[in-house]
Amino acid sequence: MASNGNAETSRLVNVESAEVYGCEERLSDLSGSLANASESQGTGDSVPLIQSPMVWRLPRGMSYNPKHTSSGDMIRTLGTFAGVFCPVALAQFSTMLFLRTGMIVGQSGILLTTVMMVLAYLILLLTVFSICAISTNGAVEGGGAYYMISRALGPEFGGSIGLLIYVANIFSCALYVAGFTEAILDNFSTGGSVTMGTGLPADCAGCWWRYLYSSVVLLLCLLVCIVGGSLFGKTQVVIVLITIVCTLSAYISVFAKSKVINIGIPKDNHRFPNNTNLTFQYTGLSAHTFHENTLDSYTNYEGKKVPSFQEDYSTNNQMNFTAMFAILFSSVTGIMNGANMSGELKDPSKSIPKGTLGAIFFTFTTYMILFILIGGSCSRDLLINNYLFLQDINLWNGMVLIGIFATTLSAALGNLIGGSRILEALANDQLFGRILNPATKTTKGGNPYMAVLITWFLVQLVMLVGSLNIIAQPTTVFFLLAYASVNLACAALDLASAPNFRPTFRFYSWHLSLVGLVGCLIMCFLISVVYSSVTIIFMLIMIIGLHFRALPFQWGSISQALIFHQVRKYLLMLDIRKAHVKYWRPHILLMVSRPRQSSELIDFINDIKKGGLYVLGHVRVGHLDDHPDKDPIHEEFPKWLKLVDTMQIKAFVELSLARTVCDGLHQLIRSTGLGGMKINTVCLGFYDNSQAVDVLSKRQVSKRGLFGKSESRKLEIGEHFRGIRLQGGMKDLTAREYVKMVADSLKMHKNVLLCRHFNMLDKNYIKSSKGNLFIDVWPVNFFRPETASYFDNTCLFLLQLSCIINMVPGWKSKTTLRVFLFVNANTDNALKKEQKLETYLRQLRILAKIQTVPWKSIEKGSDLNEFDISVNYPDCQMQEYNRVSDAFLTAVNATIKSASQRTALTFLYLPRPPKDSSQLETYLEQLTSLSVDLPPTVFVHGLHPVTSTTL
């Protein structure tokens, strides 16, 4: 529904009269359908609206049935016990309950085993708390852990973790099927413990019989999963009851058998090849036996019959605390099996916490009782040399065998059906494109049969591996990383302090989630440093790959909530009163009227901002009262955001609706920014009559792929904005209004940049240029040439901006900074002035070439003789505008052009606009004359110090 991105019409359902539709559920039962529909805000779907106090709007095609999910027509049939408790409990038992308990107690002792159990279950319990918190914070749909992680942390992180969980389920299913097959062969093959003589054939050389038996077992699991979740739930209930009976029989047998029993070694224990009649003792409950098994046997244990207690006879691996803890922990990591059935649970928010916590406490109690009983009744020799001893001490050894079959088969079933649900969720979300589309096919009842078949086929392939022990460790690492991700998601949600994060499960905090996260990561590296490192690297690659796909999902990413939380905190700490000139940055508001003719300027300001605040400002002339239905700015805002994304610039967007452009500029200057991060510079395009060019539609954008490959494509967003201004067409504002905007910006204590000829700026030409290009700085107010010997804040601002653009990659390697120094050949010591400027630039750490220009180079036809440039004017108003003759400006313009043959960018001094309003047009005309036919030119006026010579 909401996730498919298609807008749908809606129909009304009256909740008060729900019984008319055959429904007797309460209003709360609609939460699962309505909560997911809230995702439609970003996908174009209809959003649930309250039409009356008790009337809700549901998307078309969704009947009011609490057993249907909002993402499809999957029938929800499973309750807490069958859907969560049983899968989790059986996954926690898996192969350890009847096969590994003796080994763990024999190697680690009762005391250390208890410590390991408490530590392992503490890590699991903390993770379960995080699962419970997330699952009770909203409607949980199909996909279990993947769904929760992806909706909390975003599609990139969720997709990578979801894929890892899916692969882990495939490997786990193969491992448990192999364990089931091993139990069959150990007991019913030729020479097995049950058949003794002739039994099932087993070709140990090629293992094809073993593969055949495993395939038959997997086929049985496939048939159960194809039928659907209902049969799976019933099967799990039956299996858990069988497991309970078998476990109770083991308990009762320990109490019932109080005599000493000699038990031999299994056929796969090859420690004693010359002594096949060797036996070990079952003593019955004994304080002496309990005392002997209290401590571990890792070091310096002198056994009479056992040559080495430190080795596992089935693998010949050396045993120690780390190895035993890894074995124990890897056997009890099935806490997600219930959550993976979330799409088929009647009430996931209630069932997942109750069922998972119940299973955790049930399995922990079961294990501890069994550890104590076997530790007090079996000799250490027996525990370490016969892992099937429970069959021999049981009143009926067939009960233990049934228990082994039940736990391994149920664990395989849980992984197969859980993995298929994760695959279906990944396919529905289309994180990996269309490659997973077949997995979206379901039966009428909503069972994803194709996902089940795909998962079954992959498990069949995994079972072809000669030794499944190789993949046991990475499988556990995958699960642990998934649990770590859940803890991370819960901690992040809690730290973000989002008002909508209010789970009904209260026993959680970010502290507990953080401890669970650290515990899972420690266990990952404790089990295998290599597999953990490789898995994390693989996960990071997947995250980067999904990020480059630019997934258009509106799930809500926790990263945005955390960023907001941290930005708000640091903005409060950013005190404008503590600002220092050493750390000054340009915070620029670029006023854009028509983006289609301003894209080069937009890109240039993105280069010159130097990590500062960059805001694209636009004023729409009008008044809100002229639009009675809706705010026109609200409709335009997404177009500007798309412009920012497509041009790949780091800018914010601020739009304003005002009676005049000047009023809108005032609003933007005052409102743009927040706290200590406010704009300090206003940038305007130049006001002239030049022919506008639609550079946005012609602009090429290169997008770099995951492996460095880049592709160029044209922008396709030009149609979203109004066209360019035609030659002679009506402008958005008059010349007087434009100059007034400059004056008002200065009055509001903002630096001003006026940019001209930027439609001529070609960054690709600059980057591919074979020769050296120049960035020219002319730090002199040509409207007051008598002040040419002085440097003020504007001159320093010119130098700072030119130095910034010269530091940008692409510009840095292809351009050289030049500073032009005017000298009077008659009165000035040119060399001395040049040395003085060179020293000053060195103090400012600005690498620039100084170019001296004699005043006499300006043509004699100008009125330069009106100024006595040989006289110092210490009290002059250097920043002010003073009208000069057109001939003088023409001569200056010619001088600049003659020096600009290889110039990529020119910076000129911008004087203050005149206070006399009658001279505003003249001011603009003279700026036009000064910059005619120049390369891309920036007029600069600075008000505040922006450079520092101190450390």
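Worth saying up front: this structure is predicted, and the values here are computed from it rather than measured.

**Student:** Please explain the side chain of Asn-806 as it appears in this structure.
**Tutor:** In this structure, Asn-806 sits in helix α26 (residues 793-806). With a relative accessible area of 15%, Asn-806 lands in the buried category. Those residues in contact with Asn-806 that lie beyond four places of it in its chain are Ile-775, Trp-811, Lys-812, Thr-815, Thr-816 and Leu-817.

**Student:** Is there a simple way to explain the pairing of strand β20 (residues 903-909) in this structure?
**Tutor:** Counting buried positions along β20 yields 7 of 7 residues, so the element is predominantly enclosed. Where strand β17 (residues 773-778) and β20 come together, 5 bridges link them in parallel fashion. Considered in β20, the bridge of Val-777 is made with Phe-907. With 4 bridges joining them, β20 and strand β21 (residues 937-941) adopt parallel strand pairing. Counted as the bridge partner of Thr-906 is Thr-937 from β21.

**Student:** Is there a simple way to explain the packing of aromatic side chains in this structure?
**Tutor:** Each aromatic ring pair is summarised here by two numbers: the centre-to-centre distance and the angle between the ring planes. Going through the model one piece at a time under the given rule, you end up with 26 aromatic pairs. Measuring from centroid to centroid gives 5.9 Å for Phe-93 and Phe-362, while their planes differ by 70 degrees, and the two rings are edge-to-face. Within this pair, whereas Phe-93 is found in helix α2 (residues 80-93), its partner Phe-362 is found in helix α11 (residues 348-375), the two being separated by 269 residues in sequence. Since its relative accessible area comes to 1%, Phe-93 is described here as buried. Under the relative-accessibility criterion, Phe-362 is labelled partly exposed at 26%. Note on Phe-505 and Phe-507: the rings are 5.8 Å apart at their centroids and 70 degrees apart in plane angle, and the pair reads as edge-to-face. The exposure class assigned to Phe-507 is exposed, which follows from its relative accessible area of 60%. Clustering of aromatic rings is evident, with ring pairs tying together Phe-81, Phe-85, Phe-93, Phe-362, Tyr-367 and Phe-371.

**Student:** How should I be thinking about unusual backbone geometry in this particular structure?
**Tutor:** Phi at Gln-430 is positive, roughly 55 degrees, even though this residue is not glycine. Along the chain, the position of Gln-430 falls in the loop between α14 (397-429) and α15 (449-462). Given the relative accessible area of 43%, Gln-430 is considered partly exposed. Unusually for a residue other than glycine, Arg-845 sits at a positive phi of about 60 degrees. In this fold, Arg-845 is placed in the loop between α27 (830-843) and β19 (849-854). By relative accessible area, Arg-845 is classed as exposed at 53%.

**Student:** For this particular structure, what's the right way to read α14?
**Tutor:** At 3.6 residues per turn, the α-helix brings residues three or four places apart onto the same side. Look at α14: 49 Å from first C-alpha to last across 33 residues, which is about the 48 Å you get at 1.5 Å a residue. α14 sits mainly inside the fold: 30 of its 33 residues count as buried. Immediately beyond the C-terminal end of α14, within one or two residues, lies Gln-430, with a positive phi of roughly 55 degrees.

**Student:** I'm lost on helix α29 (residues 920-931) in this one. Help?
**Tutor:** Relative to the 16 Å expected for 12 residues at 1.5 Å per residue, α29 spans 17 Å between its end C-alpha atoms, a close match to the ideal helical length. Turning to α29, its buried residues are Leu-920, Thr-922, Tyr-923, Leu-924, Gln-926, Leu-927, Leu-930 and Ser-931. The inward-facing, buried residues of α29 abut α24 (735-747), β16 (751-756), α28 (886-898), β20 and β21. One or two steps after α29, the chain reaches Asp-933, where phi turns positive at roughly 60 degrees.

**Student:** Would you explain the pairing of strand β9 (residues 614-621) in this entry?
**Tutor:** The two faces of a sheet get side chains in turn, since along a regular strand they alternate between them. The buried count for β9 comes to 6 of 8 residues, which makes it a mostly enclosed element. As defined by bridge partners, strand β8 (residues 588-591) adjoins β9 across 4 bridges and the pair is classed as parallel. Directly across from Leu-590, in β9, lies its bridge partner Leu-616. Read from β8 through helix α20 (residues 599-608) to β9, the crossover connection turns out right-handed. With 7 bridges connecting them, β9 and strand β10 (residues 652-658) associate as parallel partners. Along β10, the bridge assignment pairs Val-619 with Ser-656.

**Student:** Explain the environment of Leu-295 here, please?
**Tutor:** Relative to the elements of secondary structure, Leu-295 occurs in the loop between α9 (287-292) and β6 (311-312). Separated by 184 residues in sequence, Leu-295 and Leu-111 place their C-alpha atoms 6.1 Å apart. In this structure Leu-295 touches Ser-108, Gly-109, Leu-111 and Arg-380, once residues within four positions along its chain are discounted.

Conventions adopted
Residues numbered from 1 in each chain as written. Predicted model: local features only at pLDDT ≥ 70, side-chain atom pairs only at ≥ 80, totals over all residues. Heavy atoms only, no water. Helix = DSSP H or I, 4+ residues; strand = E, 2+ residues; numbered from the N terminus. Buried < 20%, exposed > 50% of the residue type's maximum accessible area, 1.4 Å probe, protein only. Contact = heavy atoms within 4.5 Å. Pairing = 2+ DSSP bridges. Phe/Tyr/Trp six-rings, centres within 6.5 Å; stacked < 30°, edge-to-face > 60°. Expected span 1.5 Å × (residues − 1). Right-handed = clockwise from strand over helix to strand, strands pointing away.

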